[in-house]
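Tertiary structure, described
Residues per chain, in single letters:
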Amino acid sequence: MPILMNHTFLSSASFITTGSPLSLMGNYNPLSKLVISLTAGSATTDTIVFRGKGGIGNYSVLAATNLATNTSASQATDTVDQMWSIPIAGLRSVICDLTAISGSVTAQGMVII
């Protein structure tokens, strides 16, 4: 699968933050997906909420699929490394909202076809 873009949402984040937004303003294939890799680092507790927005308005919670368990959720709460997939059709921006943390965590994404 070709990688269209790489992005770092959170880099060893150790405090509550919304992280860096990923802009999806390009012409992407409607089947393109965002794969988010979470690296627990020293985290003993963390909660990352996946949020996105279309053209205008506020960010809304997104459903993501855990690639290891094939389950859907709007947030990741485990302290082990994880990978999540989000379809990006209709989205203009995505953030990883770190709402709880003890330790540090990194969230990186790549847009793939």
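Residues numbered from 1 in each chain as written. Predicted model: local features only at pLDDT ≥ 70, side-chain atom pairs only at ≥ 80, totals over all residues. Heavy atoms only, no water.

What follows is about the pattern of salt bridges. Oppositely charged side chains may form a pair once their charged atoms are brought near each other. By the definition in use, this model includes one salt bridge. A salt bridge links Arg51 to Asp97, with the shortest nitrogen-to-oxygen separation between them at 2.9 Å. Here the residue Arg51 occupies a position in strand S4 (residues 45–53), and Asp97 occupies one in strand S10 (residues 93–102), the gap between them amounting to 46 residues. The exposure class of Arg51 is partly exposed, given its relative accessible area of 22%. (Salt bridge = Lys/Arg side-chain N within 4 Å of Asp/Glu carboxyl O. Helix = DSSP H or I, 4+ residues; strand = E, 2+ residues; numbered from the N terminus. Buried < 20%, exposed > 50% of the residue type's maximum accessible area, 1.4 Å probe, protein only.)

Among the nonpolar cores identified, the biggest contains 25 residues, and Phe9, Leu34, Ile36 and Phe50 are the most heavily contacted of them. When residues of this core are traced back to their parent elements, those giving at least two are strand S1 (3–13), strand S3 (33–39), S4, strand S9 (82–87), S10 and strand S11 (105–112). Those residues in contact with Leu34 that sit more than four places away from it in its chain are Phe9, Leu22, Trp84, Ser85, Ile86, Ile88, Val94, Gly109, Met110 and Val111. (Core = buried A, V, L, I, M, F, W, Y, C linked by side-chain atoms within 4.5 Å. Contact = heavy atoms within 4.5 Å.)

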